[in-house]
Amino acid sequence: MFIALSEDSAEVIRRNGEYARKYVTSLQYLFETPLPGTKRTKQHELSGALLFRGLDDLALYDGMHVVVRLG
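Calculation criteria
Residues numbered from 1 in each chain as written. Predicted model: local features only at pLDDT ≥ 70, side-chain atom pairs only at ≥ 80, totals over all residues. Heavy atoms only, no water. Helix = DSSP H or I, 4+ residues; strand = E, 2+ residues; numbered from the N terminus. Buried < 20%, exposed > 50% of the residue type's maximum accessible area, 1.4 Å probe, protein only. Areas by Shrake-Rupley, 256 points an atom, 1.4 Å probe, with all protein chains shown as cover. Lys, Arg positive; Asp, Glu negative; His and termini not counted. Charge placed at Lys NZ, Arg CZ, Asp CG, Glu CD. Phe/Tyr/Trp six-rings, centres within 6.5 Å; stacked < 30°, edge-to-face > 60°. Patch = residues over 30% accessible without salt bridge, like charges linked within 9 Å, V, L, I, M, F, W, Y side chains within 5 Å. Salt bridge = Lys/Arg side-chain N within 4 Å of Asp/Glu carboxyl O. Expected span 1.5 Å × (residues − 1). Arc of directions from axis to C-beta.

Moving on to the overall build of the protein. Each helix and strand counted, the protein has two helices and two strands in total. Considering only C-alpha atoms, the protein reaches an extent of 40 × 20 × 15 Å along its principal axes. Burial analysis of the protein (71 residues in total) assigns 23% to the buried set. Roughly 5400 Å² of accessible area belongs to the protein as shown, and the carbon and sulfur atoms make up 58% of that amount. The average position of the 9 basic charges and that of the 9 acidic charges among the side chains of the protein differ by 7 Å.

Once that is clear, we can look at the packing of aromatic side chains. Any two aromatic rings considered together are summarised by their centre-to-centre distance and by the angle between their planes. This model, assessed by the stated rule, comprises three aromatic pairs. Judged by centre distance (6.4 Å) and plane angle (85 degrees), the rings of F2 and Y19 are edge-to-face. Separated by 17 residues along the polypeptide, F2 in strand β1 (residues 2-4) and Y19 in helix α1 (residues 10-23) bring together distant segments of the chain. Counting every residue linked through ring pairs, the aromatic cluster contains F2, Y19, Y23 and Y29.

This next bit is on a nonpolar patch on the surface. Residues Y19, Y23 and V24 make up a contiguous nonpolar surface patch of about 330 Å² in total accessible area. Along the chain, V24 falls in the loop between α1 and β2 (29-31).

The next point concerns α1. Working note: α-helix, 3.6 residues per turn, so residues spaced by three or four point in the same direction. Over its 14 residues, α1 runs 20 Å from end to end, which matches the ideal 20 Å to within 8%, given 1.5 Å per residue. Taken together, the buried positions of α1 are occupied by N16, G17 and A20. Across the axial projection of α1, the buried residues extend over an arc of 100 degrees, all falling on one side. Pointing more than 90 degrees away from the buried face of α1 are the exposed residues R21, K22 and Y23.

Applying the stated criterion to the full structure yields five salt bridges. For R40, the salt bridge goes to E7, with nearest N and O atoms at 2.6 Å. Residue R40 is found in helix α2 (residues 39-47), and its partner E7 is found in the loop between β1 and α1; the two are separated by 33 residues along the sequence. Of the charged contacts, one joins E11 and R14 as a salt bridge, the two residues approaching to 2.4 Å between their closest N and O atoms. Here E11 and its partner R14 are both found in helix α1, three residues apart, which amounts to about one turn of the helix. For E11, a relative accessible area of 35% puts it in the partly exposed group. Relative accessible area serves as the criterion here: at 38%, R14 is assigned to the partly exposed category. One network of salt bridges, in which partners are shared, links E11, R14, R15 and E18.

Printed below as a string of structure tokens:
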């Protein structure tokens, strides 16, 4: 399992795929899900990259939903 960070380039994703094909039998990508209240979440808040911010949205911070805008 790999976690794609917002700053990962296409080259990083490609290299991870090559590694997975060579050393593992399956590949799963999850997108970064910063935990509320952490420094990483604050960085995304300041850059305007968080897609969801309210307490009602906490259920989306489960690792299966995209919560950070790339770019």
